[in-house]
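Residue-level structural notes
Each chain, letter by letter, is given below.
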Amino acid sequence: IQLLYVGLSLPVLTILLATDGETAETQTRMRGENITVECKFNFSENPILFCKENCEGENILINTTENRADNGRYSTLYDSNYTSASLHVSISDLKRSDSGRYRCGLGKNRTRYHEFHLDVTEGEFLS
Ligand SMILES: *[C@@H]1O[C@H](CO)[C@@H](O)[C@H](O)[C@H]1NC(C)=O
Ligand SMILES: *[C@@H]1O[C@H](CO)[C@@H](O)[C@H](O)[C@H]1NC(C)=O
Ligand SMILES: *[C@@H]1O[C@H](CO)[C@@H](O)[C@H](O)[C@H]1NC(C)=O
Ligand SMILES: *[C@@H]1O[C@H](CO)[C@@H](O)[C@H](O)[C@H]1NC(C)=O
Ligand SMILES: *[C@@H]1O[C@H](CO)[C@@H](O)[C@H](O)[C@H]1NC(C)=O
């Protein structure tokens, strides 16, 4: 275990700890860009939820039963067939403050939500 930790950078360690050992995807984008992440499920349930951090109050970005939903810079697109369901969650015109932990899910059981981390960088070229 000691040897493993030596090779890991601090951000990687933080991610591993934050998810109890499950690897959560980290997405890096530049300020002003858009991002779309696909969350896949093998079941279909309502509501469709897209949320940030603690997933409460204003951090509930989208809570819908519609296949397409928009809320300002946030949007969701849901598609499913007999074997699987796919939920695309998007944020447009990214800001530095959009950095953080996001979850996308179907239904009320949060243990089945998917999680990803977003890191929005300043996007200036160093030359
Ligand atoms: C859905 O996937 C989970 C884990 O990936 C599995 O445990 C479960 O049995 C699957 N359910 C169905 C209905 O296929
Ligand atoms: C989503 O909306 C439904 C219906 O308005 C509500 O019952 C539910 O509590 C909401 N979920 C969250 C996480 O706020
Ligand atoms: C529909 O089912 C196929 C496999 O049968 C799968 O590859 C595909 O991703 C599914 N599409 C959606 C939108 O879930
Ligand atoms: C980002 O999303 C906005 C709103 O959905 C769209 O108007 C714009 O063309 C997108 N920009 C890029 C680079 O895809
Ligand atoms: C939520 O989902 C998990 C994993 O599928 C399951 O073990 C748990 O019993 C579920 N909880 C509820 C309240 O349905």
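A short tour of the structure in this document, coming up. (Residues numbered from 1 in each chain as written. Chains lettered and ligands numbered in written order. Predicted model: local features only at pLDDT ≥ 70, side-chain atom pairs only at ≥ 80, totals over all residues.)

**Some remarks on the environment of Leu61**
Topologically, Leu61 is positioned in strand E4 (residues 60-64). A sequence separation of 12 residues divides Leu61 from Arg73, and the C-alpha atoms of the two residues are 9.4 Å apart. Excluding residues within four positions of it along the chain, Leu61 makes contact with Phe50, Cys51, Lys52, Asn71 and Tyr74. (Helix = DSSP H or I, 4+ residues; strand = E, 2+ residues; numbered from the N terminus. Contact = placed C-beta atoms within 7 Å.)

**Observations regarding the environment of Thr65**
By the element assignment, Thr65 lies in the loop between E4 and strand E5 (68-71). Taking the C-alpha atoms as reference points, Thr65 and Glu45, 20 residues apart in sequence, are found 9.0 Å from one another. Not counting residues within four places of it along the chain, the set of residues in contact with Thr65 comprises Asn46, Pro47 and Ile48.

**Observations concerning the sheet that holds strand E1 (residues 25-30)**
Pairing between the strands of a sheet is mediated by backbone hydrogen bonds and can be parallel or antiparallel. Strands sit in the order E1-E9-E8-E3-E4 across an open sheet of 5 strands; the sheet is mixed. Of all the strands in the sheet, the pair left with one neighbour each is E1 and E4. Across the sheet, the axes of successive neighbouring strands diverge by a mean angle of 20°, strand direction being ignored. Sheet topology places strand E8 (residues 100-106) next to strand E9 (residues 114-121); 5 bridges connect them, and they run antiparallel. Paired with Cys104 across the two strands is His114, which belongs to E9. (Pairing = 2+ DSSP bridges. Axes fitted to C-alpha atoms, helices over the stretch in contact; angles between N-to-C directions.)

Bear in mind that shape data such as this cannot, by itself, settle questions of function.
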